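Understanding the architecture of this molecule
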Amino acid sequence: TGITGSSGSTGSTGSIGSTGSTGSTGSTGSSGSTGRTGDTGSTGSTGSTGSTGSIGSTGSTGLTGITGSSGSTGNTGSIGSTGSTGSTGNTGSTGSTGSTGRTGTTGSIGSTGNTGSTGSTGSTGSTGSIGSTGSTGADLGTHWTLSGNAAITDPVAPATYGTSLIGASENWIGTTDANDIVLGTDKKERMRIKQTTGYVGIGTSAPSALLTLQGPASGNGLYIRAGEIDDVDFLLRVDDEDGTLQAMLIDANGNTGIRTLIPNSILSVNGNVAIGTYASTITAPDNGLIVSGNVGIGTSNPSQKLDVVGNINASGTITAPEFASTPQTLTDGATITWTTSSGLNAKVTLGGNRTLAFSLAPPIGSNGTLVVTQDATGSRTLTLPAGSKVKGAVTPGVITLSTGANKKDILTFYYDGTNYFWSVGLNYN
């Protein structure tokens, strides 16, 4: 082996020669530059997670410590004294006076004051001289005097009443000429006897009958008192050739009897009665009554020949070629009330799901009709009153109505005093 030369820079690695004998170790050469880092290898697959260990048991809760006692409440402090009132401030100066408003309209004239008291009567004038006595007039016959008359012939009944003349010496008062006789007070006429007819007028100067009474515009026109004591009747009679007819009697109780002396009611009539235009054209049947106008029972405004407000009881047969009842329109609402006293024929338009109720139970044995109309929405329901039973109902007491908009159903019922038995006619187009 030759001598080792000095170390040069490291050359490229030569091919490996055959191994010679090991020489002495030469000095170490300088380190070469580090080569690049190789690529990172792929990550290995994750191992399976181990099973979770069981949770240990919870330890027991320790005992709660004893609550300490509450401290005593402190005393309330005393109320502080009220501060003194501040002094009143000075009054502000008065503002200037506003301008005068316009004059108001003149008020209405007041009512006239009371009439003053009458002045005292003047002194009486001196009496005039007495005039000379007139000549005596001719004697026209016997005259009535204010002190009364005597020794005058008692008047006899005239041969023909209203025509025969009164005797010259007979007791009478009146006129001897063809003029009316007038009785009056304070120079005002109060009664007149017509010279042409003998008719007497009281309150009128033109009597049209044997006695004509005309009352004043106000006050009492005629007052007749039957007697000075109670229980005295007032009787009007008509005398004819067949005897005396008791025309009318008003007894002490105020009951009036026509052709009867024993009126047991406010008005008692013994015979037939015609009222209205029939009074002068048709004779009523014996002990019967005919009326030409409308008759109202329980109403002051009858609209039909017989208008009854209330119940009617008939023991016989009621015959009528037609029977009609104007339906009352029920008011729509959550509860629809049927006023039975206004009739058992009614109609209603449902504006929603409603309940039907009667104001009062109808008479036992009565029938009723209700026309039910759906509104534009339709499918409205109606709950019937308690005690209702519906023919063919799926659910007892429940009625099924038409559901279409504006559809009509007709419901009829019979009431036996306990239950309402309903029948339904559906979908009238």
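The structure presented is a predicted model; accordingly, all values stated were derived computationally and were not measured. (Residues numbered from 1 in each chain as written. Predicted model: local features only at pLDDT ≥ 70, side-chain atom pairs only at ≥ 80, totals over all residues. Heavy atoms only, no water.)

Here we look at the overall build of the protein
On a plain count of helices and strands, the protein comes out with zero helices and 21 strands. Taking as baseline every contact in the protein between residues at least 6 positions apart, the subset at least 24 positions apart corresponds to 30%. Carbon and sulfur atoms provide 51% of the accessible area of the protein, an area that totals close to 35,300 Å². (Helix = DSSP H or I, 4+ residues; strand = E, 2+ residues; numbered from the N terminus. Contact = heavy atoms within 4.5 Å. Areas by Shrake-Rupley, 256 points an atom, 1.4 Å probe, with all protein chains shown as cover.)

Remarks on the pattern of salt bridges
Overall, the coordinates contain six salt bridges when judged by the stated rule. The partner of aspartate 180 in a salt bridge is lysine 194, and the shortest N-O contact between them spans 3.1 Å. Here aspartate 180, found in the segment before strand 1 (181-185), pairs with lysine 194, found in the loop between strand 2 (188-193) and strand 3 (200-202); they are 14 residues apart in sequence, far enough to count as distant. The salt bridge partner of aspartate 332 is arginine 354, with a shortest N-O separation of 2.8 Å. Residue aspartate 332 is located in the loop between strand 13 (328-329) and strand 14 (335-338), and its partner arginine 354 is located in strand 16 (residues 354-358); the two are separated by 22 residues in the primary sequence. For arginine 354, a relative accessible area of 17% corresponds to the buried category. The network of salt bridges with common partners includes Asp180, Glu189, Arg192 and Lys194. (Salt bridge = Lys/Arg side-chain N within 4 Å of Asp/Glu carboxyl O. Buried < 20%, exposed > 50% of the residue type's maximum accessible area, 1.4 Å probe, protein only.)

Topic: the packing of aromatic side chains
For any pair of aromatic rings, the description consists of the separation of the ring centres together with the inter-plane angle of the planes. The final tally for this structure, using the stated rule, is seven aromatic pairs. Ring geometry for phenylalanine 358 against tyrosine 420: centres 5.0 Å apart, planes inclined by 25°, an arrangement best described as stacked. Within this pair, whereas phenylalanine 358 is found in strand 16, its partner tyrosine 420 is found in strand 21 (residues 420-428), the two being separated by 62 residues in sequence. Residue classification places tyrosine 420 among the buried residues on the basis of a relative accessible area of 7%. (Phe/Tyr/Trp six-rings, centres within 6.5 Å; stacked < 30°, edge-to-face > 60°.)

Quick word on the sheet that holds strand 17 (residues 367-374)
The six strands lie next to each other as 13-15-17-20-21-19, forming an open sheet whose pairing is mixed. This sheet does not close on itself; its edge strands, each paired only once, are strand 13 and strand 19 (388-390). Here strand 19 runs beside strand 21; their pairing, made up of three bridges, is parallel. Each residue of the ladder has a partner; that of serine 388, found in strand 21, is tyrosine 420. (Pairing = 2+ DSSP bridges.)

Section: the sheet that holds strand 2
Taken in spatial order, the four strands line up as 1-2-3-4 in an open sheet, and their pairing is mixed. Because the sheet does not close on itself, it has two edges, and the strands there are strand 1 and strand 4 (211-213). Neighbour-to-neighbour, the strand axes of this sheet turn through a mean angle of 25°, independent of strand direction. Looking at chain direction, strand 3 and strand 4 are connected through three bridges and run parallel. Directly across from valine 200, in strand 4, lies its bridge partner leucine 211. (Axes fitted to C-alpha atoms, helices over the stretch in contact; angles between N-to-C directions.)

What to know about the nonpolar core
Leu370, Leu382, Leu411 and Trp422 are the most contacted members of the largest nonpolar core, which totals 21 residues. For this core, the secondary structure elements donating two or more residues are strand 14, strand 15 (345-350), strand 16, strand 17, strand 20 (408-415) and strand 21. Once residues within four sequence positions are removed from consideration, leucine 382 is found in contact with Leu350, Arg354, Thr355, Leu356, Leu370, Val372, Ile399, Leu401 and Leu411. (Core = buried A, V, L, I, M, F, W, Y, C linked by side-chain atoms within 4.5 Å.)

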